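Below, each chain spelled out in residue letters.
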Amino acid sequence: MHPELIKLEQTFKPSILTKIDDPWLAQYRIKLWMKRDDLLHPIISGNKWRKLKYSLDHALSSGADTIISMGGAYSNHLHALAYVGKVLGLKTIGLVRGEQPVTLTPTLSDIQRWGMELRFVSRGDYRLLRQHKNYQALPGLQPGQYWLPEGGAQALALKGVAELVNEIAIPYDTFCAPCGTGATLAGMIDAVQQQVSVLGFAALKNAGFLRGEVEGLLSQSRHNWQINLDYHFGGFAKTNADLSEFSNDFESKTTIPLEPVYTGKMMYAVYDLIKKHYFKPGERIIALHTGGLQGKRGVSG
Ligand SMILES: *Cc1c(COP(=O)(O)O)cnc(C)c1O
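What comes next is a walk through the structure. Predicted model only: the values in this text are computed from it and were never measured.

What to know about the sheet that holds strand β9 (residues 225-228)
The sheet built from six strands is open, its strands ordered β1-β2-β10-β7-β8-β9 with mixed pairing. The strands lining the two open edges of the sheet, one partner per strand, are β1 (17-19) and β9. Strand-to-strand twist across the sheet, computed as the mean angle between neighbouring axes with direction ignored, equals 25 degrees. The pairing of β1 with strand β2 (residues 31-36) spans three bridges and is antiparallel. Opposite T18, over in β2, you have M34 as the bridge partner. Seen against the sheet, helix α8 (residues 210-217) touches β7 (174-179), β8 (197-202) and β9 and runs at an angle of roughly 145 degrees to β9.

Here it is in C-alpha cells:
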C-alpha cells in the first residue's frame, strides 16, 4: 500500500457494529446490526473509500498523476474522489452527467472547491462512458491518467470491500446492502463465509441489469446472493412521505442517520421484509451503512 494512503487511512475512525435494539424485532426473533461504514470519515464516506482504496493504490504505483471518473450531480463517488485527490495531491477529472446547471449542486460545488475539473457530458455520452469498465478502457486516455469506471466499480474495488466483511467478528446469517453499481454487493458476496446470504436492494428503478453487472465483477460464480428490486420508491433519488417518516423515526430511535437515496431505502426494505416474515425466526442480520450522508443535501424529502 502506498504510504500516503496508509497515512490517510490512519486518520479514519473505526466502522463499528451497532446493534439495533428496536423492541418490536423480538416479536419476529430477529437480531439486527448495522455495520457503520458511515463513521469511517466525515467526507470520504463509507463504501466509497472501500471501493477506491486499492484502485488508488494501483494508480499511484503505476505512476498516474490524474484520476478520471464519472458520476451524477449528487455523486458520492466523485465527492469522495475529489477530496482524496486533494489530500494526495492527485489531479482529478469528473465527467458529470447532464448539462452544466446554472448553480452547482452542493456536491458539485464541494468537488470543484477541492480542485476536481468538472466536464459535463450529455446523457447519451454518459451512457456510452459506462461501457468502459476497467482502468485502461477509456478511449483517448493520456499517459499518467488513470480511468475509474462509474462508482469505482472494477475488480480492485472488491478487495477493499472484503476488508469491511473481514472486520465483522460475530456470526450472522444475512448481510444486506444498498446497490447502485453493485460493486459493493459483489465485494460482499466474494468475501462472506459460505453459509451467509447476501441481499442487495436496488436504489434504481428497472435495475434487472444489476445481476449481470454483479456477476461480471465476481471473482468466481456464487449462489449465496439476491438483489431485491422492489424498494426503489419510484426511481433513483426519488422519495416519498412514507420513506421520510421511516427514516426520521429510525433516526430518532437509534440515533443513526440515514439518507434517502440508499441507506434509507435499504432499512425501510429490511424492516418491511421482517414484518412480512421474509426472514426466518432466529436470523441474525447485518445491514451495511454505506454512508453517503452528504448526498442528503438537495435531495427532496
Ligand atoms: C454509491 C453508494 C452506494 C452504491 O454502491 P455500489 O457499490 O455502486 O452499489 C450505496 N450507498 C451509498 C451511500 C453510496 O454512496
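Let us keep going from here.
A few points about the packing of aromatic side chains
Each aromatic ring pair is described using two quantities: the centre-to-centre distance and the angle formed by the ring planes. Counted according to the given criterion, the structure contains 15 aromatic pairs. The interplanar angle of 65 degrees and the centroid separation of 4.9 Å between the aromatic rings of W24 and Y271 together place this pair among those described as edge-to-face. With W24 in the loop between β1 and β2 and Y271 in helix α10 (residues 263-275), this pair connects stretches of sequence that are 247 residues apart. Each member of the pair, W24 as well as Y271, carries the same accessibility label: buried. With 5.4 Å between their ring centres and 10 degrees between their planes, Y135 and Y146 make a pair best called stacked. Here Y146 lies in strand β6 (residues 145-147) and Y135 lies in the loop between α5 (123-129) and β6, a separation of 11 residues in the sequence.

Observations regarding the side chain of T66
Relative to the helices and strands, T66 is located in strand β3 (residues 66-71). For T66, a relative accessible area of 6% corresponds to the buried category. A distance of 2.9 Å separates polar atoms of two side chains, one belonging to T66 and the other to D65. Sequence-distant contacts of T66, that is, excluding residues within four places in its chain, are made with L90, K91, I93, G144, Q145 and Y146.

Quick notes on the pairing of β7
Extensive coverage of β7 is indicated by the burial of six of its six residues. Bridge count between β7 and β8: six bridges; the pairing is parallel. Opposite F175, over in β8, you have V198 as the bridge partner. On the question of chirality, the crossover connecting β7 to the parallel β8 by way of helix α7 (residues 183-191) is right-handed. By the bridge criterion, three bridges tie β7 to strand β10 (residues 284-289) in an arrangement that is parallel. Across the sheet, residue T174 finds its bridge partner in β10, namely I285.

Quick look at the site of the ligand
For the ligand, the set of nearby residues contains 15 residues, the closest of which are K48, N76, T181, T184 and T290. A183 has a polar backbone atom sitting 3.5 Å from an oxygen atom of the ligand. Compared with its free state, where it exposes 390 Å², the ligand has 97% of that area covered by protein. When residues of the shell around the ligand are assigned to their parent elements, the largest contribution, three residues, is made by helix α2 (residues 47-61). Taken domain by domain, the makeup of the shell around the ligand includes at least three residues from each of domain 1 (3-45 + 155-297) and domain 2 (47-152).

Calculation notes
- Position labels on residues start from 1 in each chain and follow its written sequence.
- Where totals are concerned, whole chains, interfaces and linings use all residues; where local detail is concerned, this predicted model gives features only for residues with pLDDT of at least 70, and gives and counts side-chain atom pairs only at 80 or more.
- In computing side-chain properties, one takes all heavy atoms of the structure into account and sets aside hydrogens as well as water.
- In this scheme, strands are said to pair when DSSP sees at least two bridges between them.
- Only DSSP runs of H or I covering at least 4 residues are called helices, and only runs of E covering at least 2 are called strands; the numbering of each starts at the N terminus.
- Only the stretch in contact is used when a helix axis is fitted, and all axes are lines through C-alpha atoms; the angle between N-to-C directions ranges over 0 to 180 degrees.
- Only heavy atoms enter the contact rule, under which two residues are in contact if any of them lie within 4.5 Å.
- The rule is short: rings of Phe, Tyr and Trp, with Trp giving its six-membered ring, pair when the centres are within 6.5 Å, and they are stacked under 30 degrees, edge-to-face over 60, tilted in between.
- Working definition: with a 1.4 Å probe on protein chains only, accessible area under 20% of the residue-type maximum means buried, over 50% means exposed, and in between means partly exposed.
- For the purposes of these results, a polar contact is taken to be a pair of N or O atoms within 3.5 Å, where, inside protein, one atom must be able to donate a hydrogen and its partner to accept one; residues adjacent in sequence count only when each atom of the pair is a side-chain atom.
- Seen with the strands pointing away from the viewer, any crossover whose path from the first strand over the helix to the second strand runs clockwise is right-handed.
- Any residue with at least one heavy atom within 4 Å of a molecule or strand is counted as near it.
- Here the accessible surface of atoms and residues is derived via Shrake-Rupley with a 1.4 Å probe, and residues count as covered only by protein chains that are part of the display.
- Residue ranges assigned to the domains are those given by an automatic or database domain assignment.

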